[in-house]
Structures are given as structure tokens and as C-alpha cells.
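Analysis of the macromolecular model
Residues per chain are reported as follows:
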2 protein chains.
Amino acid sequence: MERIHATYWLETGDDPARTAEIIAGEQSSGTFVTLPTETPELKARAGARIERLEILDHSGTSSLPTPQPSARYTRAILELSWPLANLGPCLPTLMATIAGNLFELRAVTGLRLLDLQLPPAFAHAYPGPAFGIAGTRRLSGVKTGPLIGTIIKPSVGLSVQETAEQVRLLVEGGVDFIKDDELQANGPACPFEERVRAVMSVVNDAADRSGRKVMVAFNLTGNLDQMRHRHDLVLAQGGTCVMACLNSVGLVGMHALRTHAQLPIHAHRAGWGYLSRSPQLGFDFAPWQKIWRLAGADHLHVNGLRNKFSESDESVMAAARSVLAPVMGSTPLPAMPVFSSGQTGLQAHDTYAGLGCADLIHTAGGGIFGHPGGVAAGVQALRDAWQAAMAGESLHEAANNSPALKQAMGFWQ
Amino acid sequence: MERIHATYWLETGDDPARTAEIIAGEQSSGTFVTLPTETPELKARAGARIERLEILDHSGTSSLPTPQPSARYTRAILELSWPLANLGPCLPTLMATIAGNLFELRAVTGLRLLDLQLPPAFAHAYPGPAFGIAGTRRLSGVKTGPLIGTIIKPSVGLSVQETAEQVRLLVEGGVDFIKDDELQANGPACPFEERVRAVMSVVNDAADRSGRKVMVAFNLTGNLDQMRHRHDLVLAQGGTCVMACLNSVGLVGMHALRTHAQLPIHAHRAGWGYLSRSPQLGFDFAPWQKIWRLAGADHLHVNGLRNKFSESDESVMAAARSVLAPVMGSTPLPAMPVFSSGQTGLQAHDTYAGLGCADLIHTAGGGIFGHPGGVAAGVQALRDAWQAAMAGESLHEAANNSPALKQAMGFWQ
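Residues numbered from 1 in each chain as written. Chains lettered and ligands numbered in written order. Predicted model: local features only at pLDDT ≥ 70, side-chain atom pairs only at ≥ 80, totals over all residues. Heavy atoms only, no water.

In this approach the atoms are scanned with a rolling probe the size of a water molecule, which exposes any empty space left behind. Here the structure, examined in full by the defined rule, presents five cavities of 30 Å³ or more. In this structure, the largest cavity encloses a volume near 300 Å³. Every residue lining the largest cavity is counted, 23 residues in all, and those nearest its centre are Asn247, Gly250 and Tyr274 of chain A together with Asn247 and Tyr274 of chain B. With five residues, helix α9 (residues 246-260) of chain B is the single largest residue contributor to the lining of the largest cavity. Residues of the lining of the largest cavity, tallied by class, amount to 17 nonpolar, six polar and no charged. (1 Å grid on protein atoms, 1.4 Å probe; cavity = no way out; pocket = protein on both sides within 12 Å on 5 of 7 lines; lining within 4 Å. Points joined across faces, edges and corners; volume = space filled by probe spheres on them. Helix = DSSP H or I, 4+ residues; strand = E, 2+ residues; numbered from the N terminus. Nonpolar A, V, L, I, M, F, W, Y, C, P; charged D, E, K, R; others polar.)

On to the side chain of Thr97 of chain B, then. Among the structural elements, Thr97 of chain B can be located in helix α3 (residues 91-98). Judged by relative accessible area, Thr97 of chain B falls into the buried class, the value being 3%. (Buried < 20%, exposed > 50% of the residue type's maximum accessible area, 1.4 Å probe, protein only.)

Another point: the sheet that holds strand β6 (residues 177-179) of chain A. All names here are of chain A. Spatial strand order, β5-β6-β7-β8-β9-β11-β12-β13: eight strands in a closed barrel with parallel pairing. The sheet shows a mean angle of 25° between the axes of neighbouring strands, taken without regard to direction. One ladder, built from three bridges, connects strand β7 (residues 215-219) with strand β8 (residues 241-245); its direction is parallel. Within β8, the residue paired with Ala217 across the bridge is Cys241. (Pairing = 2+ DSSP bridges. Axes fitted to C-alpha atoms, helices over the stretch in contact; angles between N-to-C directions.)

Frequently, the measure chosen for interface size is the accessible area that the parts lose on association. All names here are of chain A. Taken domain by domain, chain A comprises domain 1 (3-125) and domain 2 (132-412). Computed over C-alpha atoms, the centres of domain 1 and domain 2 are 36 Å apart. When the buried area of domain 1 at its contact with domain 2 is split by residue, Leu91, Arg112 and Leu113 rank highest and sum to 32% of it. Scanning the region where domain 1 abuts domain 2 turns up one salt bridge. Between Arg112 and Asp284 there is a salt bridge whose closest N-O contact spans 2.7 Å. Remark: the boundary between domain 1 and domain 2 carries ten residue pairs in polar contact (both at pLDDT 80 or more). For the side of domain 1 that touches domain 2, the secondary structure elements donating two or more residues are α3 (91-98), β4 (108-117) and α4 (121-125). The greatest single-element share of the side of domain 1 that touches domain 2, amounting to eight residues, is contributed by β4. Grouping the amino acids of the side of domain 1 that touches domain 2 by side-chain chemistry returns 18 nonpolar, three polar and two charged. (Domains from an automatic or database assignment. Buried area = accessible area lost by both parts, 1.4 Å probe. Salt bridge = Lys/Arg side-chain N within 4 Å of Asp/Glu carboxyl O. Polar contact = N/O pair within 3.5 Å; in protein donor to acceptor, adjacent residues only side chain to side chain.)

The next point concerns the environment of Gly282 of chain A. Residue placement: Gly282 of chain A occurs in strand β10 (residues 281-283). It is 41 Å that separates the C-alpha atoms of Gly282 of chain A and Ala198 of chain A, two residues lying 84 residues apart in sequence. Setting aside residues up to four positions removed in sequence, Gly282 of chain A forms contacts with Phe103, Leu111, Arg112, Leu113 and Leu275 of chain A together with Tyr274 of chain B. (Contact = heavy atoms within 4.5 Å.)

All names here are of chain B. Strand order in the closed barrel made by the eight strands is β5-β6-β7-β8-β9-β11-β12-β13, with parallel pairing throughout. Adjacent strand axes in the sheet meet at a mean angle of 25° when their direction is disregarded. Pairing analysis gives two bridges linking strand β12 (residues 336-339) to strand β13 (residues 361-363), with the strands arranged parallel. By the bridge assignment for β13, Phe339 is matched with His362.

Before going further, it helps to examine the interface of chain B and chain A. The interface of chain B with chain A comprises 88 residues on the first partner and 88 residues on the second. Between chain B and chain A, roughly 6,800 Å² of surface is buried when both sides are summed, and carbon and sulfur atoms account for 60% of that area. Here Arg269 of chain A ties to Glu104 of chain B by a salt bridge, and the two come within 3.9 Å at their closest N and O atoms. Across the chain B-chain A interface, the total number found is 32 residue pairs in polar contact (both at pLDDT 80 or more). Elements supplying a minimum of two residues to the side of chain B that touches chain A: α2 (40-46), α3, β4 (108-117), α8 (224-236), α9, α10 (272-276) and β10 (281-283) of chain B. Looking at the side of chain B that touches chain A, the element that brings in the most residues is α9 of chain B, giving eight residues. The class makeup of the residues in the side of chain B that touches chain A is 41 nonpolar, 35 polar and twelve charged.

This paragraph deals with unusual backbone geometry. The omega angle of the peptide bond from Lys153 of chain A to Pro154 of chain A is -5°, so this bond is cis rather than trans. The topology assignment puts Pro154 of chain A in the loop between β5 (147-151) and α6 (160-172). Although it is not a glycine, Leu333 of chain B sits at a positive phi angle of roughly 45°. Relative to the elements of secondary structure, Leu333 of chain B occurs in the loop between α12 (313-324) and β12. Unlike most non-glycine residues, Ser341 of chain B shows phi in positive territory, near 85°. Tracing the chain through its elements places Ser341 of chain B in the loop between β12 and α13 (348-355). Taking the relative accessible area as the measure of exposure, Ser341 of chain B reaches 13% and is therefore buried.

If you want it as C-alpha cells, here you go:
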């Protein structure tokens, strides 16, 4: 019978085997008291199963507060499995099952989801990304290497016309990809519809001249009817991408958007910090992003190397690799990782080395706008840095043949 | 101009005023570098404003790990405000604004949302609960006092017929309210449609005899089309409530369900632990539940006093009071708190005293099923405990006039 497998980092002040039983019970057929109706047959059929419990180490203090203190806390890797028959291939109920009430248990003083393995039924029930890497390359006209991109800044506060002017600068500068900030959706100060019309007029004019259309991810985050309406507007205006904030929209909204959409969905993870910043609580990115890829995300944000946030480089690269790894063996559903935050050409080599490919979007703000030669030189410098990385050439070697890169080396830091 | 206000508990190893500026900038018109396009006029118009920064205390260690360590960490209360014009009355974009990238900032070593005050535009843009307390009382026929309820257990593993049999026991025992477990939605082992038909047949038969229909919250959590279809089935079968898992469904899904629904929405908070279990990260319940009430939640889970989880009684009562408090002065949008987890009549007095009213659902499992006199005696005992609480009578006094309560006192503990 098909089963769902989830692996956790667990900390408990109780006997770890007993705590594992409590978690397995709470998340399947058990409860706090023994029920006569939970027969051995029922438990065998519907109970979650402890597949692995591997003790790691111990601590004298608990990571998370508990009303049930102990002299010693044990850390362990816990793998549970559930029969698919409990819930069927339903992502929302999967969330309640693998990430429901278990974090609140008294015996649990730390719990973090590390891995998730789903049976093929989920790939039959959910669409996955409609465009992914190949579709994004086709629509953007970027056949190899990363999409060189940027985020419209200031995030909020620009008028529609000021936004369109900034897009014009970027388009003329040769950028491949532009996105709205997650804070900019449909505020009265810069309404979505007017923004799309003004921006797409710039983008379409340039495409008519150059034959290549810059991909703009318009942040359509809103209620469902609004998102559908906004998607249709972007499509009608010739746009090639929409953006949604996953934690704002939620799984059902994301799936409903995917069902409706005819454009790639650029998935922003704003709020990821509250799901991950405590190392002893919440989610690793790898299992979490699988759920959103099944629901239909084409691009997934993964922060960037040497970023301005608190995330380590190891965590960033693990996240990016997970986006490129198959969701399941039979159904890869590849999506494109999006690197951002304090990015310049200085991160190209390490990013390429860490991923082994350049199927990604690399967004830079200051790294492009700060170039003394202007936006076009900034874009060229970033592109040349990637070209060098992919060719196995050092930045300094490449700078000898690229004046834009040479100049950029002075201010990238 | 209308503004949105959010208040946080903040910890930082940096100067707290500087960290407050970083947060305000990141969540509005600023970014990591100074931009010439972020003019003073733009910042005055679109920037988040620091309304209050009140230093609380200091610590030698950081609550959350940071690559920017310090010898001393300052804890403070930080209140920010945003112009409504940045985002308009949009709940999903509100989430990205008040709970977006800020948790990941390097200078932030602890951040928790404590309070949220929204301008009236949100109450105009969102429906709020369609039934709330009054509608729930009308549909359930419970004019005063709490709805006495229970959760079908084992959570998963019962067949459709076994589920219906358990409902028959409960209905005959005089319960007011029954709910599916959050793990039980539409698994192949107990499909939603068959379960609803079998359960409602029991419920309707009993209602034909007694004139009062037990409210059953069927967990319709699923994709949007499924939820709509399931809602329509419950409605057609004469059901009076549906249940959805908020963190599984998400804001857009919840709002879309509310827009479609003609029944009260029982909102389960499974996963609340990953949003709240670290005291230095995530959300207090009070601001969080406002967002879900605006989107349409009629009933909201708040755990229970002396519960089996890790949450303190103070936190439980603060959560329950917040559900009964107005979302905003002009628009109360009252919802009904749902108490559960290790509940018996022993919690009735303290729960009533803490709330000052009995507009709630009190669910008990073992507290009802464990009664030596059977389910009817268990329900009667819980009801009599509440009657005593509301009449200002002690449990022991009341037990003199209630054999069911007297017997229950022996096993409630």
C-alpha cells in the first residue's frame, strides 16, 4: 500500500521512543487516552508508523519551552509514515497530517520537518508547474545561462508612470527578467491594472524592436477572483509571467490560480522566516517547496549566497538544489530557483559551482543599478560574470575582455 | 490618511532604533542600500512609520541564531504603521507586509507579532463570519450556555458506517455539536460524500424526532472545487456546519470558501504550533485570528484550560478572549471560540470566569465517553457543570442535585 513518509529533527525530554509513539498517535488514529474503538486492526490499518528513530545527541536545556521539563533532552531523527488511504492525495490534508498539531505536544521541545517523500498519487492529483525551466526559457528567449533579473525598487511608493520609467531603463539595459516587490500588488497608489498596462506598453514596444520580450512577474496576490482577473489582464496585455506570495495566498489559492493560469507562476516566499528562523521548529525548505511545486509554482525564491538576511550559504544552496531536484522519481516537475538579496556577479561562480547548472533567475538591484556605466553596463557585467563561471574562467580573467565587468569589479563587494 | 498598525516583540543585537528603521524600510519603500529614487517625498508618503519603540530588557544571548552576533541583545516593543495606500484593504498583501521578509533580517534575533489594528476599509472589503455566535445558536438550537460538543475518534481509521454509529451514540446522548478530526477529510478509507450521507441520515432522523438538529462540522478541507462541492453536499443533506483547516487552506482559499458558503465555517488551526511555539518568533493568536475572522471564520479553535498540549492557561484564555473581542471598534464580527484538548466539566468554572460569558463550543472526548453512565450521562454532567458555573454555584454543590455530575466527579481529573 502506498505510504507518505516524513522525516523530522526531534527534541524531547521524555523517552524518545515514547514521544515518537505520541506523535504518531496524535497524527493518526490515536489520542491522549486509550480508546476501545482504536482496535489493533484499526491501528494497523490507519496508524502512522515509526520507520526510523535515530538518536543524535543530548542537551541539558530544551530548545522550546515546555510545561513538562526534564533534566535531559534527547535529539533524534524521526521518520514517520502514513497510509495514503487516511487522506488520499490531498495537499491541504497532507499539511494537517505532517505539520498539524504535533508541534504543540508537551513532550516535544523541538520539531522540524526535514524531508518528505510522497507516493505517485500526488503527482496524478496535482498539476505541478506548467512552464518550469523549459517554458520560462522559451517565453523569455534566454536559451542558456541564468535569466538576469531585477526587482522594481523602491518596493512601494512609485507611481504607475515612475514604475514604467524604471522598467524602460531596465529593458533598454538588456535585462531578461523584472519583478514586482512582494509589497506591491494593487495598492491605490499604484493600481495593478494601470501598472500592467503602462509596463507592458514599454515591454511590448521594446520586444517589437528587438524580437525578444522581457519577462515581467506582476504580483497579482489578492483574493481569488482578483488574481484570476489580474492574470487575464496580464495575458491580454502580452505579459509572460505572474507572481504570487505563497504564504499570503495559501495552498488552495495557489492551486486554484494554477488551474486558471496560462502563464508561469513566480512564487515568492515572503514570511519564510516565521516558518524557518528557529532551527528547532518548523520547516526545512526542501520538503516545503515540494508541496508548492505540486500545486504549480514555476519559480521559487531561495535567497542568495552571501545574502543580506540571516540565512547561511549552506542553507541557500540546499534550498536551490531542492528546487532543481525531482519532486519524486517518476515525476520531476522541475522549477527554477530565484536568487536574490545583495547579489552581484561576485556570486556567479559559487552559485554555478554549487548547483552544477545555470537554470536559475539571478536578480540584482544595486549590483546592476550601481554600475558607473549605467544599467546596460550593469546587466552586461553580471552576464559576463556568469559566462565566465560557465566557461570555467575566473572573474579576473574575464574582466580583461569585458570592460563592463572590469568596471563592475570596482563597486561589487 | 488611514493606516495599518502592527505591534511586535523585538529582539536585536544592534541599536534598537536602527533595527526598527531597517524593519520599517524593508517592509515599505526602503531596501538594504540607499536609493536615489527613494526621495524624501516618497518615503513620507509610502514609508512605514515607527510609532513606538519601548525598551523592555536585555540579554547576553540571542533567542534566534544570527550571523551578526553581539555582546548584548535588547528586547523592545515596536509598533509600526503603514499607509493603507501602499496595499489597499487586501488581506494577502497585508500578510506580506506585516509578516513578510522581516523575520529573516540579520539584525533581528527575535520577532513576534503581538497586535494588529486595521482601518475600517478591511471590514468593507471582507465579509467576516456569516453566522458567528447568533447564527450558530440559531442553527444548533442552543439558546444559552456553551454548545457541548465532541470530536469523532479515532481521528482516522473508522469506516463510514462506524462513524455514523458513533454519531448515533452521541446524538442519542444529547450532544449539541460534533466535529470531524482535522486528519479526516476525504480519505479513500472514509470518503467525504458517503460519510456525510450516513451521518446526516442519523442526525436528520434524530432531529425529526426531537425537533433539534445536532450541528456537525464536516471537514471539507481540500482543493477549492472540492470544498465547494462538499459544502453543497452538506447543505443538500441538511447539514448545518462545515470545517476547514486554516493553515492547510490558506487565506485565499478560506475567503473563496466563505464567498460560496451558506453554512457556518468551523476553523481549525492545525499547525498553529509552528507559527507560535517559539515565544520569540511568529504570532500571538490575537492578531492572527483577526485576519481569519475578516476572511470569514465563524468558530475558531483556542485549545482549552489545563490542556494536553504545551500552551499555558494564560495563553488559552487570551486567545479565547480575542475571538470574542471586536475585530475593530466599528465592526465587531464576533466569532465563537472552541475549547478542546483534555476537557471535562472541571474546566467549566474557570473558563466561564475567564471569559465572562458562555458563547463558546466546549468539546470533550474522554470527559464524555468515560462516564460510567454512558454518553448521555457524560453530556448531562458537562452541561450541569456549565449550568453551575453560570449560576455561580460550585461543582460540589451542583453535584448534589445531579447524579450524572456526581458520578463524573469520580473520573474527571
